[in-house]
Amino acid sequence: MSEHVGIVLVSHSARLADGLRELLAELAPDGVRVVVAAGTEDGGLGTSYELIARAVAAADGGAGVVVLPDLGSSVLTAVTVLEDEPRPGVRLVDAPFVEGAVAAAVTASAGAALAEVVAAAEEARAFRKL
């Protein structure tokens, strides 16, 4: 498969998600689409149904999409978008935002299938730092 699994970062903060996208670009530079859906459309803190829907479409290159929300209403808004606008191969993942995104991006950059990318993100919950 030539196309990689895409990643959508859903956050209340555009600055937080942009910083994570920058980190992912360094760790997994080989063609992984990482799209940010963060903050409100007017640049404030919060989540936006429209931004999430557009980000999922932009990240979808045909190999699937992993959606990683940060917390609270970003999860609820992402669930609503995916229920209202179902797309095959799009998975909302319950994983730590930073560690899950890193694991997903590195795994996706190796050409892994959607199920493997989802598993890597979810397994990041068990990573120990110390």
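Anything mentioned here points back to the structure above.
**Things to note about the pairing of strand β2 (residues 34–38)**
Here is step 1 of the chain: Counting buried positions over the five residues of β2 gives five, a clear majority of the element.
Here is step 2 of the chain: Both faces of β2 are covered, namely the face carrying Val34, Val36 and Ala38 and the face carrying Val35 and Ala37.
Here is step 3 of the chain: Regarding topology, helix α1 (residues 14–27) serves as the crossover connection from strand β1 (residues 6–11) to the parallel β2, and that connection is right-handed.

**Here we look at the sheet that holds strand β4 (residues 90–92)**
Here is step 1 of the chain: Taken in spatial order, the four strands line up as β2-β1-β3-β4 in an open sheet, and their pairing is parallel. Here the strands that pair on one side only, and so sit at the sheet edges, are β2 and β4. For this sheet, the mean angle separating the axes of adjacent strands, direction not counted, is 20 degrees.
Here is step 2 of the chain: The sheet contact formed by strand β3 (residues 65–69) and β4 spans three bridges and is parallel. Counted as the bridge partner of valine 65 is valine 90 from β4.
Here is step 3 of the chain: The strands touched by helix α3 (residues 73–84) are β1, β3 and β4; relative to β4, the strand with the most contacts, the crossing angle is about 155 degrees.

**Overview of the nonpolar core**
A general tendency of soluble globular proteins is for nonpolar side chains to be buried together.
Here is step 1 of the chain: Grouped together as the largest cluster of nonpolar side chains are 26 residues, with contacts concentrated most on Ile7, Leu9, Val66 and Leu68.
Here is step 2 of the chain: Of all elements in the fold, only β1, α1, β2, β3, α4 (97–109) and α5 (114–123) reach the threshold of two or more residues within this core.
Here is step 3 of the chain: The leading source of residues in this core is α4, at five residues.
Here is step 4 of the chain: Those residues in contact with valine 66 that lie beyond four places of it in its chain are Val5, Gly6, Ile7, Val8, Arg91, Val93, Leu114, Val117 and Val118.
Here is step 5 of the chain: One finds Ala37, Ala53, Ala78 and Val81 within the second-largest nonpolar core, a separate group that totals 16 residues.

Parameters and conventions
Residues numbered from 1 in each chain as written. Predicted model: local features only at pLDDT ≥ 70, side-chain atom pairs only at ≥ 80, totals over all residues. Heavy atoms only, no water. Buried < 20%, exposed > 50% of the residue type's maximum accessible area, 1.4 Å probe, protein only. Helix = DSSP H or I, 4+ residues; strand = E, 2+ residues; numbered from the N terminus. Right-handed = clockwise from strand over helix to strand, strands pointing away. Pairing = 2+ DSSP bridges. Axes fitted to C-alpha atoms, helices over the stretch in contact; angles between N-to-C directions. Contact = heavy atoms within 4.5 Å. Core = buried A, V, L, I, M, F, W, Y, C linked by side-chain atoms within 4.5 Å.

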